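Chain by chain, the residues run as shown.
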Amino acid sequence: METRRILFIGAGRMAQAMIHGLVKQQGSFAWQIVASNRSDTSRLEALRSRFGIESTSNWQQVVESADVVVLAMPPSEHPAVLAQLRDHVKQHQLIVSVAAGIGVSGLESSLPPDVAVAWVMPNTAASIGQSMTLCALGSAVTNEQVEMLTEMLQALGQHQICTEEQVHKLTAITGSAPAFIYRAAQAFEEMAVEYGLSEVNARQIVGQMLLGSANLLLTGTEPQVLANEVTTPGGATAAGLEVLERGNFMSILQEAITATNQRAAELGMGNPPKR
Ligand SMILES: NC(=O)C1=CN([C@@H]2O[C@H](COP(=O)(O)OP(=O)(O)OC[C@H]3O[C@@H](n4cnc5c(N)ncnc54)[C@H](OP(=O)(O)O)[C@@H]3O)[C@@H](O)[C@H]2O)C=CC1
Ligand SMILES: O=C(O)[C@@H]1CCC=N1
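Keep in mind it's a predicted model, so treat the numbers as computed, not measured.

Caption draft 1: Focus on the domain arrangement of the protein. You can read the domains of the protein as domain 1 (2-162) and domain 2 (170-268). If you average the C-alpha positions of domain 1 and of domain 2, the two centres end up 31 Å apart. Across the boundary between the two partners, domain 1 contributes 12 residues, which contact nine residues of domain 2. Approximately 760 Å² of surface area, both sides summed, lies buried where domain 1 meets domain 2, with 69% of it carried by carbon and sulfur atoms. Viewed at the interface, domain 2 and domain 1 are joined by zero salt bridges. Connecting domain 1 to domain 2 are one residue pair in polar contact (both at pLDDT 80 or more). For the side of domain 1 that touches domain 2, the secondary-structure elements that each account for two or more residues are β6 (116-121) and β7 (131-137).

Structure follows, in structure tokens:
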């Protein structure tokens, strides 16, 4: 089995989800993973003991041995980290960023010409190999690097190669919208508990309802057809849908997608995160 070495710069929520997916993968590559962050050494210790990976608080010391460098820190930290990376990056290495708003062009313009880069937008379901990941490739990526990246993305779930512009536009839908769905799940669970279910049973019924609905959607049937099939004429569902329509449910979701993408674009342009 071939071995590839991945260095994560940034060991937060997204890096942890990706590392979890990678260590569980049984593909044709074995991944040697090194995690680093800025200051949180207890997080590194936790990752080391949970996943059996390496960690360092000084990525500059190990970067040259990496085949892939994953930038998994906030977009606002990219200019400083890329400026340091410039002095270390080697011709064979692939530099991947998962940061919202950064773009392939943001990476290429900050690194020496001919450095291979990819911009990847995963979601946290990477931890169970179920991410829907988008990926835009830089101009210097070789076939061998595409093969390695494909293997890495397959460990995280499904992926699609897109243009940079598409990743900008779809970041909210694949990267952030899981949070919108989890909010809906929270509302359903809270009601189920109010109706007398234990939290465990509430989780089971809501989770399975979402899973079944997602799987039906993946059969290819349009969502409005599936919704119609649920809605018995003059029946109960119609009353609930009427409430959602009165609250402009679909427009609210679409507004949320637009707001998310606008913020991602601002972050990508170097605006600091709001805490
Ligand atoms: N969470 C998600 O679902 C998704 C996130 N992303 C992207 O992933 C990236 C990380 O997000 P997320 O994991 O949620 O954020 P977190 O805040 O959980 O993690 C950020 C990590 O980056 C580290 N870090 C910050 N600054 C630096 C630096 N200068 N050098 C090295 N490490 C640094 C932090 O270290 P320390 O704690 O020591 O400061 C921390 O480990 C973002 O760019 C985001 O856009 C993309 C898709 C989905
Ligand atoms: O909230 C964020 O900024 C990141 C980008 C996509 C999902 N999480």
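Once you've had a look at it, read on.
Caption draft 2: Spotlight on the nonpolar core. Phe 8, Leu 22, Val 70, Leu 149 and Met 152 are the most contacted members of the largest nonpolar core, which totals 35 residues. Of all the elements in the fold, those that place two or more residues in this core are β1 (2-9), α1 (13-24), β2 (29-36), α2 (41-51), β4 (68-71), β5 (94-97), β6 and α5 (143-156). Filtering out sequence-adjacent residues up to four positions away, Met 152 remains in contact with Ile 6, Met 18, Leu 22, Trp 31, Val 68 and Val 70. Formed by 27 residues, the second largest nonpolar core is a distinct cluster that contains Ile 9, Val 69, Val 89 and Ile 95.

Caption draft 3: Region of interest: the UniProt feature "domain: Pyrroline-5-carboxylate reductase dimerisation" (unreviewed entry) in the protein. Here the UniProt feature "domain: Pyrroline-5-carboxylate reductase dimerisation" (unreviewed entry) sits at residues 164-267. Secondary structure across residues 164-267 divides into 85% helix and 0% strand, with the first and last C-alpha atoms of the span separated by 16 Å.

Caption draft 4: Fine view of the packing of α1 against α2. As a packed pair, α1 and α2 sit with axes 11 Å apart at the nearest point and diverge in direction by 15 degrees. Judged on the interaxial angle alone, α2 and α1 are roughly parallel. Crossing geometry of α1 relative to α2 is assigned as right-handed. Each of Arg 13, Gln 16, Ile 19, His 20 and Val 23 in α1 lies in contact with α2, whose residues at this interface are Arg 43, Leu 47, Arg 50 and Phe 51. Counted by class, the contact of α1 with α2 contains four nonpolar, two polar and three charged residues.

Caption draft 5: The UniProt feature "domain: Pyrroline-5-carboxylate reductase catalytic N-terminal" (unreviewed entry) in the protein, seen in detail. Here, UniProt's "domain: Pyrroline-5-carboxylate reductase catalytic N-terminal" (unreviewed entry) annotation points to residues 5-101. What you have in residues 5-101 is 32% helix and 24% strand, and the ends, taken at the C-alpha atoms, are 26 Å apart.

Caption draft 6: Layout of the sheet that holds β4. If you trace the eight strands from one edge of the open sheet to the other, you get β3-β2-β1-β4-β5-β6-β7-β8, paired in mixed fashion. Both edges of this open sheet fall to β3 (54-55) and β8 (157-161), since each of them pairs with a single strand only. Bridge analysis of β1 against β4 gives four bridges, and the strand direction is parallel. The residue bridging Ile 9 from the neighbouring strand is Leu 71, located in β4.

Caption draft 7: Focus on helix α3 (residues 78-85). Those residues of α3 lying buried are His 78, Val 81, Leu 82 and Leu 85. Down the axis, α3 shows its buried residues gathered within 100 degrees of arc, on one side only.

Caption draft 8: Just the site of ligand 1, in detail. Looking at ligand 1, there are 22 residues lining it, with Met 14, Ser 39, Asp 40, Met 73 and Glu 77 nearest. Backbone polar atom of Ser 39 to an oxygen atom of ligand 1: 2.6 Å apart, as the coordinates give it. Within the backbone of Met 73, one N or O atom sits 2.8 Å away from an oxygen atom of ligand 1. In isolation ligand 1 has 900 Å² of accessible area, and contact with the protein removes 82% of it. Its residues placed into classes, the shell around ligand 1 shows 13 nonpolar, five polar and four charged.

Caption draft 9: Quick peek at the side chain of Thr 231. As for its position among the elements, Thr 231 is in the loop between α8 (223-230) and α9 (236-246). Within the structure, Thr 231 has its side chain in polar contact with the backbone oxygen of Ala 227 (distance 2.7 Å). Not counting residues up to four positions away in its chain, the partners in contact with Thr 231 are Thr 237, Ala 238 and Leu 241.

Quick notes on the rules
Residues numbered from 1 in each chain as written. Chains lettered and ligands numbered in written order. Predicted model: local features only at pLDDT ≥ 70, side-chain atom pairs only at ≥ 80, totals over all residues. Heavy atoms only, no water. Domains from an automatic or database assignment. Contact = heavy atoms within 4.5 Å. Buried area = accessible area lost by both parts, 1.4 Å probe. Salt bridge = Lys/Arg side-chain N within 4 Å of Asp/Glu carboxyl O. Polar contact = N/O pair within 3.5 Å; in protein donor to acceptor, adjacent residues only side chain to side chain. Helix = DSSP H or I, 4+ residues; strand = E, 2+ residues; numbered from the N terminus. Core = buried A, V, L, I, M, F, W, Y, C linked by side-chain atoms within 4.5 Å. Buried < 20%, exposed > 50% of the residue type's maximum accessible area, 1.4 Å probe, protein only. UniProt positions renumbered as here; feature names shortened; annotations may be inferred. Axes fitted to C-alpha atoms, helices over the stretch in contact; angles between N-to-C directions. Parallel < 35°, antiparallel > 145°, perpendicular 65-115°, else oblique. Left-handed = near helix turned anticlockwise from the far one by under 90°. Nonpolar A, V, L, I, M, F, W, Y, C, P; charged D, E, K, R; others polar. Pairing = 2+ DSSP bridges. Arc of directions from axis to C-beta. Near = heavy atom within 4 Å. Areas by Shrake-Rupley, 256 points an atom, 1.4 Å probe, with all protein chains shown as cover.

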